[in-house]
Amino acid sequence: IAGITQAPTSQILAAGRRMTLRCTQDMRHNAMYWYRQDLGLGLRLIHYSNTAGTTGKGEVPDGYSVSRANTDDFPLTLASAVPSQTSVYFCASSDSPASTDTQYFGPGTRLTVL
Amino acid sequence: AQSVAQPEDQVNVAEGNPLTVKCTYSVSGNPYLFWYVQYPNRGLQFLLKYITGDNLVKGSYGFEAEFNKSQTSFHLKKPSALVSDSALYFCALGRGSTLGRLYFGRGTQLTVWP
């Protein structure tokens, strides 16, 4: 069982370019999340999806969009990348959206925007 | 408002000695508390969680944490540290009214020296 896979592992991107980070889980979890990790700030929630077909905004959603067409996939799109979006991005999933459910994390995507 | 604080950016301990990584929280209502560990260039791994019941929670790799409601703390402990425990540790807070959303502390870098 792979759990959560993310692609690419790392990427260097020119400012203004569009980029989609991919996330796939094979655990049939209903809820999925995107976080960004920045030094000294911990992890901050960008967007979430409680179930396929629904999405919601987290703490830092500006400049990002998501979709949840099916249970397994939850791509994160940067429409026009800016240097402040340089970060490590983690996708996570949980069996249900309940706050008591454990979230499981993917290996991350390191994104550098120049 | 809800928040999590990890007051120490860095904790250093000798192998074989007990270790404590501190976490305090602020929330209205019942807290759901989690500890995660992150090894270099890896995603977050779940260690343990407190939802309700016994204040002492046991988790993976010999770690445990004690929920203290009066002190609003959830410190992570291990009786005997290993060099392989060296990693970045995150405390996270969930709240019943915010489905699935976790609030993370900034992280504490644990270094266990031989």
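The structure this text deals with has already been given above.
Only a predicted model underlies this, so the values are computations on that prediction, with no experimental measurement involved.

Definitions and limits used
Residues numbered from 1 in each chain as written. Chains lettered and ligands numbered in written order. Predicted model: local features only at pLDDT ≥ 70, side-chain atom pairs only at ≥ 80, totals over all residues. Heavy atoms only, no water. Contact = heavy atoms within 4.5 Å. Buried area = accessible area lost by both parts, 1.4 Å probe. Salt bridge = Lys/Arg side-chain N within 4 Å of Asp/Glu carboxyl O. Disulfide = S-S within 2.5 Å. Helix = DSSP H or I, 4+ residues; strand = E, 2+ residues; numbered from the N terminus. Buried < 20%, exposed > 50% of the residue type's maximum accessible area, 1.4 Å probe, protein only.

Student: Outline the interface of chain B and chain A, listing residues and values.
Tutor: Each partner contributes to the interface: chain B provides 24 residues, whereas chain A provides 23 residues. The junction of chain B with chain A conceals about 1,800 Å² of combined surface from both sides, 55% of it contributed by carbon and sulfur atoms. The interface formed by chain B and chain A contains one salt bridge. Between Arg101 of chain B and Glu59 of chain A there is a salt bridge, and its shortest N-O distance comes to 3.8 Å.

Student: I'd like a description of the state of the cysteines, backed by residues and values.
Tutor: Residue and element names in this part refer to chain A. For the structure shown, the criterion picks out two disulfides over all chains. Between the sulfur of Cys23 and that of Cys91 lies a disulfide, 1.9 Å long from S to S. The sign of the -70° torsion about the S-S bond sets the Cys23-Cys91 disulfide as left-handed. Here the residue Cys23 occupies a position in strand β3 (residues 19-25), and Cys91 occupies one in strand β9 (residues 87-94), the gap between them amounting to 68 residues. Accessibility expressed as a relative area gives 2% for Cys23, which makes it buried.

Any link to function would need more than the numbers given here.
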